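The lines below spell out each chain.
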Amino acid sequence: MLVVSGLEVVYHQVVKVLKGPSLQVPEGEIVTLLGPNGAGKTTLLRALSGLLNVHDGAITKGQITWKGQDLTKLGADEIVRLGISQVLEGRRILADLTVAENLRAGAYSNRADGLASTFYERFPILGQRRDQKAGYLSGGEQQMLAIARALMARPKVLLLDEPSLGLAPKIVQEVADLIREIHQDGCTVLLVEQNARLALGLASYGYVMETGKIVLDGNSEDLLEDKDMQEFYLGGAHEEGAFRNVKHYRRRKRWLA
Ligand SMILES: Nc1ncnc2c1ncn2[C@@H]1O[C@H](COP(=O)(O)OP(=O)(O)OP(=O)(O)O)[C@@H](O)[C@H]1O
Ligand SMILES: [Mg+2]
């Protein structure tokens, strides 16, 4: 189980962005973290993967543990070695490197090639383009590559930051299928998403974070039925894809009242 308890994160020693959220990701489950722009979702993932220092951020209170082991003071490389890998927001691939080089960069050297070939089978397009610059791939292909790259480290826990962002609906379905497969292979997943319907369809449990605090959590089925969820995060009358707008304009809601 991955456990976050009472986490406080401060940027530049002054800006407190996480105000004590607690959440749990049981082994073998998909759990989703939802919330509006600026809520602190990416910050929480950075804390989990040890990347806060890159952004002049630090954990000032609380604890993160994985299977009982304290991660709070570990560096990013130690956390990856424990089996926790993050796919960064905005499909950060190394655009000037080839597809093959990107995959190799995600792996521990010696077993890279065999694992890469399984991704080339799963995604023939990556195989066909293995020697081309990754920057020439389409957005959807880059997202697949970003996920594949994280999987090269054979993680036990995968942290995904808005993997559906900016992708066409058909490609979003492919990403969803991939997340399902990763889960079926036994990987634990913490999924940060703006597409609440998609995320709750994949996850067994969901948390909603606003301004650095968890304001709602529950089983996915219950959240899908929840009136506030429907009004603010599931679109209701809004079309799928309008979630960003809902996030922007309607974030002051009764959960905080
Ligand atoms: N390096 C930084 N220095 C200062 N403030 C930061 C830094 N990174 C993020 N923040 C601030 O922290 C808050 C939370 O940002 P974060 O990126 O974690 O939100 P988010 O929930 O991922 O939002 P989005 O849905 O837009 O990705 C925001 O107000 C943001 O401006
Ligand atoms: Mg974010």
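Residues numbered from 1 in each chain as written. Chains lettered and ligands numbered in written order. Predicted model: local features only at pLDDT ≥ 70, side-chain atom pairs only at ≥ 80, totals over all residues. Heavy atoms only, no water.

**Remarks on the pattern of salt bridges**
Once their charged atoms are close, side chains differing in charge can pair, the charge on each being opposite to the other. Put simply, the rule is: Within this document, salt bridges are pairs made up of a side-chain nitrogen of Lys or Arg and a carboxyl oxygen of Asp or Glu, the two lying within 4 Å of each other. Here a strand is any run of E in DSSP of at least two residues, a helix any run of H or I of at least four, and the numbering for each starts at the N terminus. Buried residues are those whose accessible area, probed at 1.4 Å on protein chains only, stays under 20% of the maximum for their type, while exposed residues exceed 50% and partly exposed ones sit between those limits.
Scanning the model with the defined rule gives 8 salt bridges in all. The residue Arg81 makes a salt bridge to Asp77 at a minimum N-O spacing of 3.7 Å. Here Asp77 and Arg81 lie together in helix H2 (residues 76–81), a separation of 4 residues that amounts to about one turn. Look at Arg81 and you get exposed, because its relative accessible area is 57%. On the accessibility criterion, Asp77 (46% relative accessible area) is partly exposed. Note that Glu174 is salt-bridged to Lys170, the shortest N-O span being 3.6 Å. With a gap of 4 residues between them, Glu174 and Lys170 both fall in helix H7 (residues 169–184), about one helical turn apart. Given a relative accessible area of 33%, Glu174 falls into the partly exposed group. Via salt bridges that share partners, Glu8, Lys16 and Lys61 belong to a single interconnected network.

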